[in-house]
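Structural overview for review
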Amino acid sequence: MTPKLSDLTGRTNYFEDFKVGDVIRHARGKTVEGLENVLITNLVMNTAQSHFNEDAMKNSPYGGRLSYGGVNFSLCMGLAMQDCGENALAELGMDNIRLQNPVVHGDTLYAYSEVLETTDSDREDAGIVTFRHYGVNQDDKQVFQGERRMLIKRRSHWGDK
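Let us look at the structure shown here. (Residues numbered from 1 in each chain as written. Predicted model: local features only at pLDDT ≥ 70, side-chain atom pairs only at ≥ 80, totals over all residues. Heavy atoms only, no water.)

**Quick notes on the nonpolar core**
- Core analysis: the largest hydrophobic core is formed by ten residues, namely Phe15, Phe18, Ile24, Ala80, Cys84, Val115, Val129, Phe131, Met150 and Ile152.
- Put simply, the parts of the chain that give this core at least two residues each are α4 (69-84), β4 (126-136) and β5 (142-153). (Core = buried A, V, L, I, M, F, W, Y, C linked by side-chain atoms within 4.5 Å. Buried < 20%, exposed > 50% of the residue type's maximum accessible area, 1.4 Å probe, protein only. Helix = DSSP H or I, 4+ residues; strand = E, 2+ residues; numbered from the N terminus.)

Here you go:
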C-alpha cells in the first residue's frame, strides 16, 4: 500500500491550525558544535578572527570562539520547522533578524515561535503565516529573534492526499 503524501507531515501544522497569538515551544534543543560554526563561516567567507582563532579568543570576555550569527539564527529557525514549516510550500521572507547575545561553542539553543499573522494567499490551496521565532540558550538568555513568512498548505486541499 502506497502511503499518502499527507502521512509524511504533521497533522497539526496546516494553515488552518495557526491562530494569531499562539506560542509554540519547540521540543528539541541543539548544541552548537565547532564543526558547524567553522563549516558555515567558511562557506560564506566570513573571516572574523572571533570565529576561528581560539588562541586570540581564550582571553576574551567570552572565553573562546564565538559562533557566527548566521549559524545561530539558522539553527533556531531549523528547530522551529517541524512545528511551523513542515507543511510549507514556500519561504516568502525573513525580516527583523536580531542577534541579541553571543553564542559560544558548546551552548545549547532552544526555540519557540509566536504566530503574528495569518492571511489568505492568491492560492486556493495555501495561506500565509507570519511567525516570530525566538532562540534562547541553556541559561534561557535570548540570543535570537526574527520574523518569517511562509506559504503553508491548507488542510482542506492537502490533508487527505
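**Some words on the side chain of Arg132**
- Note on placement: Arg132 falls in strand β4.
- Side chain to side chain, Arg132 and Glu147 meet in a polar contact 2.9 Å long.
- With residues up to four places along the chain from it excluded, the contact list for Arg132 reads Tyr112, Ser113, Glu114, Leu116, Gln145, Gly146 and Glu147. (Polar contact = N/O pair within 3.5 Å; in protein donor to acceptor, adjacent residues only side chain to side chain. Contact = heavy atoms within 4.5 Å.)

**Quick word on the packing of aromatic side chains**
- One pass over the full model with this rule turns up three aromatic pairs.
- On the basis of an interplanar angle of 85 degrees and a centroid distance of 5.1 Å, the ring pair of Phe18 and Phe131 is categorised as edge-to-face. Here the residue Phe18 occupies a position in the segment before β1 (23-31), and Phe131 occupies one in strand β4, the gap between them amounting to 113 residues. Residues Phe18 and Phe131 agree in their burial class; the two are buried. (Phe/Tyr/Trp six-rings, centres within 6.5 Å; stacked < 30°, edge-to-face > 60°.)

**With respect to a nonpolar patch on the surface**
- On the surface, Leu35, Leu39, Ile40, Leu43 and Val44 cluster together into a nonpolar patch covering about 490 Å² of accessible area.
- Looking at the secondary structure, you find Leu35 in helix α1 (residues 34-43). (Patch = residues over 30% accessible without salt bridge, like charges linked within 9 Å, V, L, I, M, F, W, Y side chains within 5 Å. Areas by Shrake-Rupley, 256 points an atom, 1.4 Å probe, with all protein chains shown as cover. Salt bridge = Lys/Arg side-chain N within 4 Å of Asp/Glu carboxyl O.)

**Concerning the pattern of salt bridges**
- One pass over the structure, following the stated rule, counts nine salt bridges.
- Here Arg154 makes a salt bridge to Asp120, at a shortest N to O gap of 2.7 Å. Placement of Arg154 in the loop between β5 and α5 (155-158) and of Asp120 in strand β3 (residues 108-120) is noted, with a sequence separation of 34 residues between them.
- For the salt bridge of Arg132 with Glu147, the shortest nitrogen-to-oxygen distance reads 2.9 Å.

All quantities given are derived from atomic positions and should not be read as evidence of function.
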